[in-house]
Amino acid sequence: MISNCFYYGVYSPKGFYSLASRPNFSAPKEYIVKGYSLSTKQKLFDCIKNELDKRGQSYIDFRADERSIGIYSSDAGFRIIDGTYETLTYSAELFDLNNDEETEKVKECILHREEAVKRAQRFLCACRCIINDMERIETADMDFGKINRYSSRLWTSTGGKLKGSIGTEHKRFVTCFTPDGVELNMEAFDIYCDNITVICDRTGACARRIVDRVRRYALSAGYDVISCLCPLNIEKGAEHLIIPELGYGIFVCKHFHKADFEKCRKVSSKRFMIESEAETKRRMDFSFKAYKRLMQEVFSSLETVSLYDKALENHIVRNFQEESIGNVLQKLFAR
């Protein structure tokens, strides 16, 4: 499934941010899975995917890091998502995979897990503040004329033509925060893109403007686009861009996600900048060092979250696990 080369759930300054519960994935039948055993839910989602594969029905696997947080199938007419750790804003049928009452140890693990998630969230907020401040400083030194001209040439080079319609924007993630660092899923660019432009930009300030202009060119010309959001600044829109019909993509190379493409055109953001004063450079370097240190605290907090997830697995007794999964499958695929 080509749509399965993206992430749909990430940790962000606003907590765990999921695209799986968004209205554009609505289906006639909707289900929420509760339960603190990640392995049980993963087994359930794997069984659902196997059944959909047998039936030849397409689906989207909502991935978050290395696990699934749900499945959407327009062919089968249902959406089922993990509702244990996120607040849902719509009514749906509930499947509860918890077969035992919560013990004191389980309640304690859940509490400590929530504290670790909040700690990661606080450090992500601090990182976002630093990056936003660095972008603000760089904006004063940008040559907007160069950015606009380059963006126009970049769009022309894609070969895009006016189609007499307006394209559709699809929001996805190709990066996510994990205990091991920032994880990249480059498969999306490998699948969709024959031509890739890599913009090397430490803060992303210049690159974001170029990506946004090319995105608007494509949408106004009638091409669908995939806007890859930054988990740190979701509200700022696309960080990377893919235009599937044109086989073209723009990837922004930063400290925590380096470009590793066999064939690409690289451009440095420095060509769009006016020479900064020495004091500004020192301030930027200081801020960037602080940003990297704070990100290490984020990774450490997520490692703690992972440890409590494993502890929950050990404390919860999963009686009748196969029967619980079988009941869900029967409900989903009832004729």
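Our subject is the structure listed above.
Residues numbered from 1 in each chain as written. Predicted model: local features only at pLDDT ≥ 70, side-chain atom pairs only at ≥ 80, totals over all residues. Heavy atoms only, no water.

Draft legend 1. Inspection of the overall build of the protein chain at higher detail. In terms of regular secondary structure, the protein chain is built from seven helices and 15 strands. Taking 20 Å as the expected radius of gyration for a compact globule of 335 residues, we find that the protein chain reaches 22 Å, a close match to that expectation. Projected onto its principal axes, the C-alpha positions of the protein chain cover 65 × 45 × 35 Å. Looking at the 335 residues of the protein chain, the share that counts as buried comes to 52%. Considering only contacts in the protein chain between residues 6 or more positions apart, those separated by 24 or more positions represent 79%. Across the protein chain, the centroid of the 51 positively charged side chains sits 6 Å from that of the 48 negatively charged ones. (Helix = DSSP H or I, 4+ residues; strand = E, 2+ residues; numbered from the N terminus. Rg over C-alpha atoms; globule rule 2.2 N^0.38 Å. Buried < 20%, exposed > 50% of the residue type's maximum accessible area, 1.4 Å probe, protein only. Contact = heavy atoms within 4.5 Å. Lys, Arg positive; Asp, Glu negative; His and termini not counted. Charge placed at Lys NZ, Arg CZ, Asp CG, Glu CD.)

Draft legend 2. Broad picture of the nonpolar core. Counting residues in hydrophobic clusters, the biggest one holds 34 residues, and the most contacted among them are Phe 6, Phe 62, Phe 189, Ile 242, Phe 251 and Phe 261. Counting only elements with at least two residues in this core, the list comes to strand E4 (60-64), strand E5 (67-73), helix H4 (187-192), strand E11 (195-200), strand E12 (225-229) and strand E14 (248-253). Leave out the neighbours within four places in its chain, and Phe 189 touches Val 174, Ile 196, His 240, Leu 241, Ile 242, Gly 249, Ile 250, Phe 251 and Phe 261. Formed by 27 residues, the second largest nonpolar core is a distinct cluster that contains Leu 154, Cys 206, Ala 207 and Ile 243. (Core = buried A, V, L, I, M, F, W, Y, C linked by side-chain atoms within 4.5 Å.)

Draft legend 3. Main features of the pattern of salt bridges. A full pass over the atoms with the stated rule returns 22 salt bridges. With a closest N to O distance of 3.5 Å, Glu 169 and Arg 215 form a salt bridge. Separated by 46 residues along the polypeptide, Glu 169 in strand E8 (residues 169-172) and Arg 215 in helix H5 (residues 205-221) bring together distant segments of the chain. Residue classification places Arg 215 among the buried residues on the basis of a relative accessible area of 14%. Between Glu 279 and Arg 282 there is a salt bridge; the shortest N-O distance is 2.8 Å. (Salt bridge = Lys/Arg side-chain N within 4 Å of Asp/Glu carboxyl O.)

Draft legend 4. Representation of the environment of Ile 32 within the structure. With respect to the element layout, Ile 32 can be found in strand E3 (residues 29-34). Its relative accessible area of 8% is what places Ile 32 among the buried residues. Expressed as a C-alpha distance, the spacing of Ile 32 and Ile 80, which sit 48 residues apart in the sequence, is 5.7 Å.

Draft legend 5. Region of the structure containing unusual backbone geometry. Here the phi dihedral of Asp 65 falls at roughly 65°; this positive angle occurs in a residue that is not glycine. Position of Asp 65 relative to the elements: it lies in the loop between E4 and E5. Given the relative accessible area of 26%, Asp 65 is considered partly exposed.

Draft legend 6. Seen up close, the packing of aromatic side chains. In this structure the tally under the stated criterion is 18 aromatic pairs. Judged by centre distance (5.4 Å) and plane angle (75°), the rings of Tyr 11 and Phe 16 are edge-to-face. Phe 16 sits in the partly exposed class, given a relative accessible area of 23%. An aromatic cluster of three or more residues is present, and its members are Tyr 8, Phe 25, Phe 62 and Tyr 72. Its end group placed over the ring of Tyr 223, Lys 163 keeps NZ or CZ at 4.7 Å from the ring centre. For the cation-ring pair, Arg 202 lies above Phe 288, with the distance from its terminal atom to the ring centre recorded as 5.0 Å. (Phe/Tyr/Trp six-rings, centres within 6.5 Å; stacked < 30°, edge-to-face > 60°. Lys NZ or Arg CZ within 6 Å of the ring centre and 35° of its normal.)

Draft legend 7. Representation of the sheet that holds E4 in the model. Taken together, the five strands give an open sheet; going across it, the order is E4-E5-E6-E3-E7, and neighbouring strands pair in mixed fashion. At either margin of the open sheet sits one strand with a lone partner, and together these are E4 and strand E7 (93-96). Neighbour to neighbour, the strand axes of the sheet diverge by 20° on average, direction disregarded. In the sheet, E3 pairs with E7 via four bridges, with the strands oriented parallel. What sits directly across from Lys 34, in E7, is Asp 96. Helix H1 (residues 38-55) contacts E3, E4, E5 and strand E6 (78-82) of the sheet and is inclined by roughly 35° relative to E5. (Pairing = 2+ DSSP bridges. Axes fitted to C-alpha atoms, helices over the stretch in contact; angles between N-to-C directions.)

Draft legend 8. Region of the structure containing the pairing of E11. Of the strand pairs in this sheet, E11 and E14 are connected by six bridges, and their pairing is parallel. Its bridge partner lying in E14, Asn 195 is registered against Tyr 248. Judged from the four bridges that link them, E11 and strand E15 (residues 265-268) form a sheet pairing that is parallel. Paired with Thr 197 across the strands is Arg 265, a residue of E15.

Draft legend 9. Expanded view of the environment of Met 142. As for its position among the elements, Met 142 is in the loop between helix H2 (104-139) and helix H3 (144-157). Taking the C-alpha atoms as reference points, Met 142 and Glu 275, separated by 133 residues in sequence, lie 9.3 Å from one another.

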